[in-house]
Amino acid sequence: MSKPRIHVLALGGTIATRPDSTGAMQMGLGADDLVAAVPVLKEIAEIGAETVSRVGSHSLSFDQIHALATRIRDVKADGVVVTQGTDTMEETSFLLDLLLDLEIPVIVTAAMRNPALTSPDGPGNLLAAVRVATDDWVRKNAKALGVVAVMLDEVYAASDVLKVHPTRLNAFASTQTGPLAALVEDRVVPFALPVRNAVVAARSKLAGVSGKAAPVALFWMSLDDDAALMPFMLAAPDRLGFRGAVIAAMGGGHTPERATENVIGLAKAMPTVVSPRAGGGPMLRKTYGGSSSEIALREAGLIWGGRLHPLKARVLLETCLRAGLDRATIAELFDAFG
Ligand code: ASP
């Protein structure tokens with residue numbers, strides 16, 4: 001029986017670093033190097049390897065991920081594995097999930113421990129990603145799963161996965177839903193299919209999005225915060241280039257009362273999404289009164305971000321604005337996230 005064809009696209013990140021003469025890790029390895037480091041891959045699949053870039057994911061751009069999505073659509077393979085840095089994987093995987101609607105598995109993976117350390121996790125994660133991409137259940141349900149992240153032998157939905165620790169090996173989690181599957185020995189053990197109606201609805205409005213970048217500001221609300229930066233941003237030439245904003249709000253969707261005027265001023269000036277700084281929702285809609293709680297903010301025109309983490313809300317808002325969607329449509333898409 002012929003082996004499935006899996007195409008590995010390497011962007012960079014810790015998984016692709018090597019030490020320079022001082023011992024500092026620098027971007028360096030390409031897709032061929034990553035694949036060559038895991039000889040067993042050849043027994044599982046016919047592997048294609050393509051180096052897309054050699055950058056840390058902390059420096060990736062929306063445009064680069066749009067270009068990557070275009071490349072993935074053109075790949076002739078039974079599955080795609082993207083290797084990149086861990087720092088923005090929670091955002092890039094969600095953006096790919098919004099942009100791609102494919103019948104084949106698309107897996108994003110990375111490494112926390114660099115190749116110069118004892119027991120780096122990159123080779124194991126790449127092997128796990130390829131095993132997941134070739135698994136029968138995953139292939140049969142590729143469309144239902146959407147883009148997934150594979151780290152440390154667990155499979156996570158792109159809309160839920162978060163980087164929850166800066167350095168340790170088990171740095172990824174889906175805090176709201178848990179993993180979709182686990183890898184044990186060489187088997188994928190399925191747990192659940194993700195609920196994807198909101199992603200599918202968003203994708204139907206975003207299909208073929210090709211507009212230019214629409215920068216979205218992120219304001220993280222904190223104790224005693226008066227959001228004084230907001231009016232400065234609005235008063236600056238071209239609003240500093242920003243076309244929308246995400247407010248990472250407290251609790252079920254609250255901002256400090258002393259910030260209310262600025263928050264509402266922002267929402268009047270540009271599409272402004274409220275998202276839970278607690279890391280994921282859903283948020284409240286009709287419980288608390290007062291000038292800066294959810295009832296008042298929703299009445300004042302703030303868009304309710306649903307269960308999406310603020311980083312993922314920012315990805316969705318940028319994509320909506322890039323696609324030229326109006327405020328009402330954007331609000332409707334976010335609403336579907338609960
Ligand atoms: N800064 C690196 C990056 O995201 C960290 C990593 O890969 O884990 O590219």
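Cut-offs applied
- Residues numbered from 1 in each chain as written.
- Predicted model: local features only at pLDDT ≥ 70, side-chain atom pairs only at ≥ 80, totals over all residues.
- Heavy atoms only, no water.
- Near = heavy atom within 4 Å.
- Polar contact = N/O pair within 3.5 Å; in protein donor to acceptor, adjacent residues only side chain to side chain.
- Areas by Shrake-Rupley, 256 points an atom, 1.4 Å probe, with all protein chains shown as cover.
- Nonpolar A, V, L, I, M, F, W, Y, C, P; charged D, E, K, R; others polar.
- Pairing = 2+ DSSP bridges.
- Helix = DSSP H or I, 4+ residues; strand = E, 2+ residues; numbered from the N terminus.
- Axes fitted to C-alpha atoms, helices over the stretch in contact; angles between N-to-C directions.
- Contact = heavy atoms within 4.5 Å.

**Q** Which residues make up the site of the ligand, and what are the values?
**A** Surveying the vicinity of the ligand reveals the residues Gly13, Thr14, Gly56, Ser57, His58, Gly85, Thr86, Asp87 and Ala111. Interatomic distance of 2.6 Å between a side-chain N/O atom of Asp87 and a nitrogen atom of the ligand. With the chains in place, 88% of the 260 Å² that the ligand exposes on its own is no longer accessible. A class-by-class count of the residues in the shell around the ligand yields 1 nonpolar, 7 polar and 1 charged.

**Q** Let's hear about the sheet that holds strand E5 (residues 79-83): which residues, and what values?
**A** Spatially, E4-E1-E5-E6-E7-E8-E11-E12 is the arrangement adopted by the 8 strands of the open sheet, whose pairing is mixed. Each edge of the open sheet carries a strand with a single partner, namely strand E4 (46-51) and strand E12 (187-190). Recorded for the sheet is a direction-independent mean angle of 25° between the axes of neighbouring strands. Across 4 bridges, strand E7 (residues 148-151) lies against strand E8 (residues 154-157) in antiparallel orientation. The residue bridging Met151 from the neighbouring strand is Glu154, located in E8. Relative to the sheet, helix H4 (residues 89-99) contacts strand E6 (106-109) and E7, its axis offset from that of E6 by approximately 170°.

**Q** Describe the pairing of strand E11 (residues 181-184), naming the residues involved and giving the relevant values.
**A** Relative to E11, E8 runs antiparallel, the two sharing 2 bridges. Note on E11: the bridge partner recorded for Val155 is Ala181. With 4 bridges joining them, E11 and E12 adopt antiparallel strand pairing. Bridge pairing in E12 links Ala181 to Pro190. Hairpin connection, E11 to E12: the antiparallel pair is bridged by 2 residues, and Glu185 has positive phi, about 50°.

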